[in-house]
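A structural walkthrough
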Amino acid sequence: MAGSITENLRRIRRAVPEEVTLVAVSKFHPVEALSEAYAAGQRIFGESRALELEAKAAALPGDIEWHFIGHLQTNKVKKVVACAAMIHSVDSPRLLEAIDSEARKTGRRPGVLLQLHVAREENKFGFTPDELLAFVTPELVAAMSGVEFRGVMGMASNVDDETRIRSDFREIRGVFDRLRSTVFADSPAFDTVSMGMSHDWPLAVEEGSTMVRVGTSIFGEREY
Ligand SMILES: *Cc1c(COP(=O)(O)O)cnc(C)c1O
């Protein structure tokens, strides 16, 4: 982990399969750190706070694709819809409605990922698999035409037990496959499984991730 941002990015890009999208999670890191990653060719960045996203989007080049990955309160939806191409953390019906409504007003059509809660930890946000499968119907998708449903996002339990981590990832991928073969059978844009972070992305990729969110391994430890 001792390398520069440029070296870290090169190493990770070499390791991540070509068909898997790398989101560089830059939350809490200064604009200069993002500029270094940008100069090294990175164009997709992940942020978890609305104000920080807004400030960084204003300060950095316009061809960056911003992804919002943190828990989003409905009163911050406006800022995030204004900046983000994709929102990974749609964790409630109310939030989805707020994003859809704001998107219609602005004419932007953000991609959304439905966040699943499968991990052991209690304090994580998201739908359980059963909740999500019951919630997502063709009627819902038709009613929420202001957003583009792109897939699902989730996190594995924060444990050392590889078997447990794999089974969490497998569960997330399973819900994605189920939705893709039913509600989204005619929606090729529903193609994204966002799972895997610095410590567990190789397992996530083996279990069917199409998009990894890597922060610490690129930018170093965050200061809170
Ligand atoms: C912070 C964060 C990441 C990145 O975590 P690292 O361990 O630094 O790679 C990924 N996903 C979400 C949702 C995050 O909040």
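This text follows the structure it describes.
Below is a short write-up of the structure. Given the structure is predicted, the values throughout are model-derived calculations rather than measurements.

Of all hydrophobic cores here, the largest spans 62 residues; its most connected members are Ile99, Leu132 and Phe149. Top element by residues in this core is helix H8 (residues 162-181). It accounts for six residues. Residues in contact with Phe149, not counting those within four places in the same chain, are Leu96, Val112, Leu114, Leu140, Val141, Met144, Phe184, Ala189 and Phe190. Val23, Ile44, Met86 and Leu113 belong to the second-largest nonpolar core, a separate cluster that totals six residues.

If you check the shell around the ligand, you find Val25, Lys27, Ile69, Met153, Met155, Met197, Ser198, Arg213, Val214, Gly215, Thr216 and Arg222 and nothing else. Between Lys27 and the ligand, the recorded distance is 2.6 Å, taken from a side-chain N or O atom to an oxygen atom. Gly215 is positioned such that a nitrogen or oxygen atom in its backbone is 2.8 Å from an oxygen atom of the ligand. Those elements that provide at least two residues to the shell around the ligand are strand E6 (148-155) and strand E8 (211-214). Across the shell around the ligand, the residue classes tally to six nonpolar, three polar and three charged.

This model, assessed by the stated rule, comprises five aromatic pairs. With centroids separated by 5.3 Å and ring planes inclined at 15°, the aromatic side chains of Phe127 and Phe135 adopt a geometry described as stacked. Residue Phe135 is classed as buried on the basis of its relative accessible area of 18%. Three or more aromatic residues joined by ring pairs make a cluster, and in this case those are Phe149, Phe176, Phe184 and Phe190.

For side chains bearing opposite charge, pairing can occur when the charged atoms are close. Per the stated rule, a full pass over the model turns up 15 salt bridges. The closest approach of N and O atoms between Glu148 and Arg109, which form a salt bridge, is 3.7 Å. Taken together, the residues span a long stretch of sequence, with Glu148 in strand E6 and Arg109 in the loop between helix H5 (93-106) and strand E5 (111-117) at a distance of 39 residues. The class of Glu148 is partly exposed, set by a relative accessible area of 28%. Note that Asp177 and Arg180 form a salt bridge whose closest N and O atoms lie 3.5 Å from each other. With Asp177 and Arg180 both in helix H8 and three residues apart, the pair spans about one turn of that helix. Within the structure, one salt-bridge network assembled from shared partners comprises Glu162, Arg166, Arg170, Glu206 and Glu207.

Here the focus is unusual backbone geometry. The residue Phe28 is not glycine, and still its phi comes out positive at about 70°. Mapping Phe28 onto the fold places it in the loop between strand E1 (21-25) and helix H2 (31-39).

A few words on the side chain of Asp91. Inspection of the secondary structure assignment puts Asp91 in the loop between strand E4 (86-90) and H5. The buried charged residue Asp91 lacks any salt bridge partner; its closest oppositely charged side chain belongs to Arg94, at an N-O distance of 8.8 Å. At a separation of 2.8 Å, a polar atom in the side chain of Asp91 contacts the side chain of His71. In contact with Asp91, not counting residues within four places along its chain, are His71, Gln115, Phe125, Gly126 and Phe127.

Bringing H8 into the picture now. The end-to-end C-alpha distance of H8 is 28 Å, a good match for the 28 Å that 20 residues give at a rise of 1.5 Å each. When we look at burial in H8, the residues that qualify are Ile165, Arg166, Asp168, Phe169, Ile172, Arg173, Val175, Phe176 and Leu179. The backbone nitrogen of Thr163 lies 3.1 Å from a side-chain oxygen of the residue at the head of H8, namely Asp161.

Scoring rules and cut-offs
- Residues take numbers from 1 onward in each chain, read along the sequence in its written order.
- Only residues with pLDDT of at least 70 get local features here, since the model is predicted, and only at 80 or more are side-chain atom pairs given and counted; chain-wide, interface and lining totals rely on the full set of residues.
- Heavy atoms throughout the structure, all of them, feed into the side-chain values; hydrogens and water do not.
- Nonpolar cores were defined as sets of buried Ala, Val, Leu, Ile, Met, Phe, Trp, Tyr and Cys residues, with membership established by side-chain atoms within 4.5 Å.
- Between buried and exposed lies partly exposed: a residue is buried under 20% and exposed over 50% of the maximum accessible area for its type, with that area taken using a 1.4 Å probe on protein chains only.
- The way it works is that DSSP assigns letters per residue, a run of H or I at least four long becomes a helix, a run of E at least two long becomes a strand, and they are numbered from the N terminus.
- Any two residues whose heavy atoms approach within 4.5 Å are treated as being in contact.
- If even one non-hydrogen atom of a residue comes within 4 Å of a molecule or strand, that residue is called near it.
- Here a polar contact is recorded for every N or O atom pair within 3.5 Å, except that within protein the pair must consist of a potential hydrogen donor and a potential acceptor, and residues adjacent in sequence are included only if both atoms are side-chain atoms.
- Asp, Glu, Lys and Arg are counted as charged, while Ala, Val, Leu, Ile, Met, Phe, Trp, Tyr, Cys and Pro are counted as nonpolar; the rest, among them Gly, fall into the polar class.
- Any pair of Phe, Tyr and Trp rings, taking the six-membered ring for Trp, is counted once the centres come within 6.5 Å. Such a pair is stacked with planes under 30 degrees apart, edge-to-face with planes over 60 apart, and tilted for the rest.
- For this document, the term salt bridge refers to a Lys or Arg side-chain nitrogen within 4 Å of an Asp or Glu carboxyl oxygen.
- By the counting scheme adopted, Arg and Lys are positive, Glu and Asp are negative, and His together with the chain ends is not counted.
- Every helix has an expected span of 1.5 Å times one less than the residues it contains.

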